[in-house]
Amino acid sequence: MRFVLFYHSLVSCWNHGNAHFLRGLVRSLTSLGHEVRVYEPVDGWSRANMLETDPSAEDDFHRAFPGFTSLEYDPDSLDLDQALDGADVVLVHEWNDPALAGRIGRRRAGGGQFLLFFHDTHHRAVSRPEEMAAFNLSAFDGVLAFGGALREVYARQGWDGRAYVWHEAADTELFRPRPELRRERDLVFVGNWGDGERNHELREFLYGPLRCQGLSARVYGVRYPEQGLLAVHRSGAQYMGWLANHRVPETFATHRMTVHVPRRLYARQLPGIPTIRVFEALACGIPLLCSPWDDIEGLFRPGQDYLSARCGRDMELKMREVLCDPDLAESMARSGLETILSRHTCGHRAVELLNICAGLGRESRAARAITATEANA
């Protein structure tokens, strides 16, 4: 099958976590024998910031992902006839211009012989619904929501039966344990500042415990304001700036544990949706500690795959427990990796997408292509 994907960027992960899953999906679909084309705008803000931060970052990406390419387009002159030619399945990510989504929708409504999905991996459906209202999805075949709570938002808007839970996952070709590397420091946090959406939580569950425990720690991420940098400094951690995502596995491997601090909107209004860092950390076999979040979809095994802290003091105790009990740390790492490999790889998500396509398009080119693939397997 030919998949055509419209996303903000494949090349850049600068403040753009969607690139993580996109790369894994491209790898998995390609390994299953499908053709994948990724379109990204030529003037994308993530890519521009990446190159300003590190002019060699794009070359580094191509060395890390040989054969991965995207087609850059000018939104004002994109030839959709050419872009959609021969497409069986088209995905439009929510971080696209609504005008582009509308143009593609009109092609589908005008007889386009492809299945068309809207892929939502953000909280804007509840935090800024007026922005999402700009998307005309009337001609789309379905919505792929990255969690059950977000799927319910679309179901209430009339998408019930055509909104699907499609979680992010780990690219396990890249995110895997690196036992040959020595764990040199106590803790690493890889995460951006978060637009003020978790300031209090970061102080309570990360910087405060680090300061009280006197741990050796590093913090990676971008868009930290002066107050954020000051909080990192006061905690005793080193602020390291931007870290390309393909460098994260080796970074995890040189630390004894990491922390997940979900943004407030995910913890409260869209419960049960972890960031992709949870999948990636567990895939790397690093013990994971979390500030409170409710895994209402049963994605993981709390207490086995990760430990959850009730408050800052509880986080301090759990940090010390992991550091002082090598058997506990090893058990957590082994359990988390087991859960990822059994349920949450990008390969699993590729198969889920194929199954959704088959269910929707019994008479479509997509369904016929899936049937032919299965017959030749």
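Residues numbered from 1 in each chain as written. Predicted model: local features only at pLDDT ≥ 70, side-chain atom pairs only at ≥ 80, totals over all residues. Heavy atoms only, no water.

Describe the pattern of salt bridges, listing the residues and the values that go with them.
Throughout the structure, instances matching the rule amount to 29 salt bridges. Note that Asp-305 is salt-bridged to Arg-301, the shortest N-O span being 3.3 Å. Residue Asp-305 is classed as buried on the basis of its relative accessible area of 0%. (Salt bridge = Lys/Arg side-chain N within 4 Å of Asp/Glu carboxyl O. Buried < 20%, exposed > 50% of the residue type's maximum accessible area, 1.4 Å probe, protein only.)

Tell me about the packing of helix 14 (residues 312-324) against helix 15 (residues 326-343), and name the residues and values.
Across the interface, helix 14 lies against helix 15 with an axial gap of 5 Å and an inter-helix angle of 100°. Taken together, the axes of helix 14 and helix 15 are roughly perpendicular relative to one another. Contacts between helix 14 and helix 15 pair Glu-321, Val-322 and Cys-324 from the former with Pro-326, Leu-328, Ala-329 and Met-332 from the latter. (Axes fitted to C-alpha atoms, helices over the stretch in contact; angles between N-to-C directions. Helix = DSSP H or I, 4+ residues; strand = E, 2+ residues; numbered from the N terminus. Parallel < 35°, antiparallel > 145°, perpendicular 65-115°, else oblique. Contact = heavy atoms within 4.5 Å.)

Describe the domain arrangement of the protein chain, listing the residues and the values that go with them.
Partitioning the protein chain into structural domains gives domain 1 (2-169 + 345-375) and domain 2 (185-343). Spacing between the C-alpha centres of domain 1 and domain 2 amounts to 28 Å. Facing 33 residues of domain 1, the contacting portion of domain 2 comprises 26 residues. In this assembly, domain 1 packs against domain 2 so that about 2400 Å² is buried in total across both faces, 64% of it on carbon and sulfur atoms. When residues of domain 1 are sorted by the area they lose upon contact with domain 2, Asn-15, His-20 and His-123 head the list and together hold 24% of the total. Inspection of the domain 1/domain 2 interface yields one salt bridge. Across the salt bridge formed by Asp-60 and Arg-247, the nearest N and O atoms sit 2.8 Å from each other. The residue makeup of the side of domain 1 that touches domain 2, split by class, is 15 nonpolar, 13 polar and five charged. (Domains from an automatic or database assignment. Buried area = accessible area lost by both parts, 1.4 Å probe. Nonpolar A, V, L, I, M, F, W, Y, C, P; charged D, E, K, R; others polar.)

Talk me through the packing of aromatic side chains; I want residue IDs and the actual numbers.
What the rule picks out here adds up to 16 aromatic pairs. An angle of 50° between the planes, with centres 5.3 Å apart, marks the rings of Phe-65 and Phe-68 as tilted. Overall, the relative accessible area of 11% leaves Phe-68 in the buried class. A network of ring pairs unites the aromatic residues Phe-279, Trp-293, Phe-300 and Tyr-306 as a single cluster. (Phe/Tyr/Trp six-rings, centres within 6.5 Å; stacked < 30°, edge-to-face > 60°.)

Report on the UniProt feature "domain: Spore protein YkvP/CgeB glycosyl transferase-like" (unreviewed entry) in the protein chain, specifying residues and quantitative values.
In the UniProt entry, the feature "domain: Spore protein YkvP/CgeB glycosyl transferase-like" (unreviewed entry) is given for residues 204-354. As annotated, residues 204-354 has a helix share of 52% and a strand share of 13%, and its two end C-alpha atoms lie 42 Å apart. (UniProt positions renumbered as here; feature names shortened; annotations may be inferred.)

Could you give me a rundown of the sheet that holds strand 1 (residues 2-6), with the residues and numbers involved?
The strand order across the open sheet formed by seven strands is 3-2-1-4-5-6-7, and the pairing between neighbours is parallel. Where the open sheet ends on each side, the last strands, each with one partner, are strand 3 (71-73) and strand 7 (163-165). Between one strand and the next, the sheet's axes are offset by a mean angle of 25°, whatever the strand orientation. Pairing between strand 6 (residues 142-145) and strand 7: three bridges, direction parallel. Each residue of the ladder has a partner; that of Ala-145, found in strand 7, is Val-165. Along the sheet face, helix 8 (residues 148-159) touches strand 5 (115-120), strand 6 and strand 7 and points at about 170° away from the line of strand 7. Its contacts with the sheet place helix 16 (residues 346-360) against strand 1, strand 4 (89-93), strand 5, strand 6 and strand 7, and it is angled at close to 135° to strand 5. (Pairing = 2+ DSSP bridges.)

Before we move on, can you summarise the sheet that holds strand 13 (residues 307-308) with the specific residues and values?
Taken in spatial order, the six strands line up as 10-9-8-11-12-13 in an open sheet, and their pairing is parallel. Among the strands making up the open sheet, the edge pair consists of strand 10 (238-241) and strand 13. Most of the contacts of helix 14 go to strand 11 (residues 255-260), to which it runs at about 155°, and overall it touches strand 8 (185-190), strand 11, strand 12 (288-290) and strand 13.

Tell me about the side chain of His-122, and please be specific about residues and values.
As for its position among the elements, His-122 is in the loop between strand 5 and helix 6 (124-127). A polar contact of 3.2 Å, which involves the side chain of His-122, links it to the backbone nitrogen of Arg-124. Dropping the residues within four chain positions of it, His-122 is found in contact with Glu-94, Arg-128, Phe-146, Leu-150, Tyr-266 and Leu-270. (Polar contact = N/O pair within 3.5 Å; in protein donor to acceptor, adjacent residues only side chain to side chain.)

How would you explain unusual backbone geometry if you had to name every residue and give the values?
Positive phi values are uncommon outside glycine, yet Asn-15 reaches one of about 55°. Within the secondary structure layout, Asn-15 lies in the loop between strand 1 and helix 1 (18-31). The backbone phi angle of Arg-223 is positive, close to 65°, even though this residue is not glycine. For Arg-223, a relative accessible area of 46% puts it in the partly exposed group.

Got a sec to walk through the environment of Leu-91? Specific residues and values, please.
Tracing the backbone shows Leu-91 in strand 4. Looking at Leu-91, the relative accessible area reads 0%, which means it is buried. A C-alpha to C-alpha distance of 19 Å links Leu-91 and His-123, two positions 32 residues apart in sequence. Residue contacts for Leu-91: discarding those within four places in its chain leaves Val-4, Leu-5, Phe-6, Tyr-7, Leu-25, Phe-117, Leu-144, Trp-166 and Leu-353.

Can you lay out the layout of surface pockets for me, pointing to particular residues and giving the numbers?
Put simply, the largest pocket is a space of about 920 Å³. The wall of the largest pocket is formed by 46 residues, among which Asn-15, His-16, Gly-17, Asn-192 and Arg-263 lie closest to the centre. The leading source of residues in the lining of the largest pocket is helix 13 (residues 276-283), at four residues. In terms of residue class, the lining of the largest pocket is built from 21 nonpolar, 16 polar and nine charged. When residues of the lining of the largest pocket are assigned to domains, at least three fall in each of domain 1 (2-169 + 345-375) and domain 2 (185-343). As a volume, the second largest pocket reaches approximately 360 Å³. Forming the boundary of the second largest pocket are 18 residues, of which Arg-183, Gly-285, Pro-287, Glu-330 and Ala-333 lie nearest the centre. Where the lining of the second largest pocket is concerned, the elements lending two or more residues are helix 14 and helix 15. Across the lining of the second largest pocket, the residue classes break down as 12 nonpolar, one polar and five charged. (1 Å grid on protein atoms, 1.4 Å probe; cavity = no way out; pocket = protein on both sides within 12 Å on 5 of 7 lines; lining within 4 Å. Points joined across faces, edges and corners; volume = space filled by probe spheres on them.)

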